[in-house]
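An overview of the molecular structure
Each chain, letter by letter, is given below.
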Amino acid sequence: MLACLRSAQFTYPDDGGSILVELRRHHDTSALCDNKEFLVSRRMTRLPGVMITRSFGTYAEAVRHWDLHVAVLTDQGLVRRDAKIIGFHEEG
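Residues numbered from 1 in each chain as written. Predicted model: local features only at pLDDT ≥ 70, side-chain atom pairs only at ≥ 80, totals over all residues. Heavy atoms only, no water.

Our focus in this paragraph is the nonpolar core. Generally speaking, nonpolar side chains in soluble globular proteins are found buried as a group. By size, the foremost hydrophobic cluster in this structure holds 16 residues, and its most contacted members are Phe10, Ile19, Leu23 and Trp66. Going through the elements one at a time, β1 (2-11), β2 (18-28), β3 (35-44) and α1 (59-75) are the ones with two or more residues in this core. The dominant element in this core, judged by the number of residues it contributes, is α1, at five residues. Other than its neighbours up to four places away in sequence, Leu23 contacts Ala3, Cys4, Leu5, Arg6, Phe38, Leu39, Val40, Tyr59, Ala62, Val63 and Trp66. (Core = buried A, V, L, I, M, F, W, Y, C linked by side-chain atoms within 4.5 Å. Buried < 20%, exposed > 50% of the residue type's maximum accessible area, 1.4 Å probe, protein only. Helix = DSSP H or I, 4+ residues; strand = E, 2+ residues; numbered from the N terminus. Contact = heavy atoms within 4.5 Å.)

Inspection of the secondary structure assignment puts Leu20 in strand β2. For Leu20 and Gln9, which are eleven residues apart along the polypeptide, the C-alpha to C-alpha distance reads 4.4 Å.

Attention now goes to the confidence of the model for the chain. Summary statistics for the chain give a mean pLDDT of 80 and a share of 78% for residues scoring 70 or more. The spread of mean pLDDT over the elements of the chain runs between strand β6 (residues 87-89), the lowest at 52, and α1, the highest at 92. (pLDDT = per-residue confidence, 0-100.)

Tallying each qualifying case throughout the model produces three salt bridges. Put simply, Glu22 and Arg43 hold a salt bridge, and the shortest N to O gap is 3.3 Å. Pair noted here: Glu22 is in strand β2 and Arg43 is in strand β3, with a separation of 21 residues, a long-range link. Under the relative-accessibility criterion, Glu22 is labelled buried at 5%. Here the salt bridges do not stand alone but share partners, grouping Glu22, Arg24 and Arg43 into one network. (Salt bridge = Lys/Arg side-chain N within 4 Å of Asp/Glu carboxyl O.)

Right, let's talk about the pairing of β1 for a bit. Most of β1 is tucked away, with seven of its ten residues classed as buried. Pairing between β1 and strand β5 (residues 79-80): two bridges, direction antiparallel. The partner of Phe10 across the bridge, within β5, is Arg80. (Pairing = 2+ DSSP bridges.)

This is the structure:
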């Protein structure tokens, strides 16, 4: 099961596409142990099908990485849209 904890979408100034940065928690409900990991993903509409994901063992590390991506995209002049929490969903 995946839970989206943070999400921010950025658009290019020329409206030529967008970048979505997400912080998600992956929880393996089929495992007998409490197996969790945190994922930071970037999806780019200018490059269809491209998603870069990095895994972290702790929430603090993942938040630092997510904040870094948000700061870099803001410094590059991309326009940030409202952040939203998407919630829990299953991925097969």
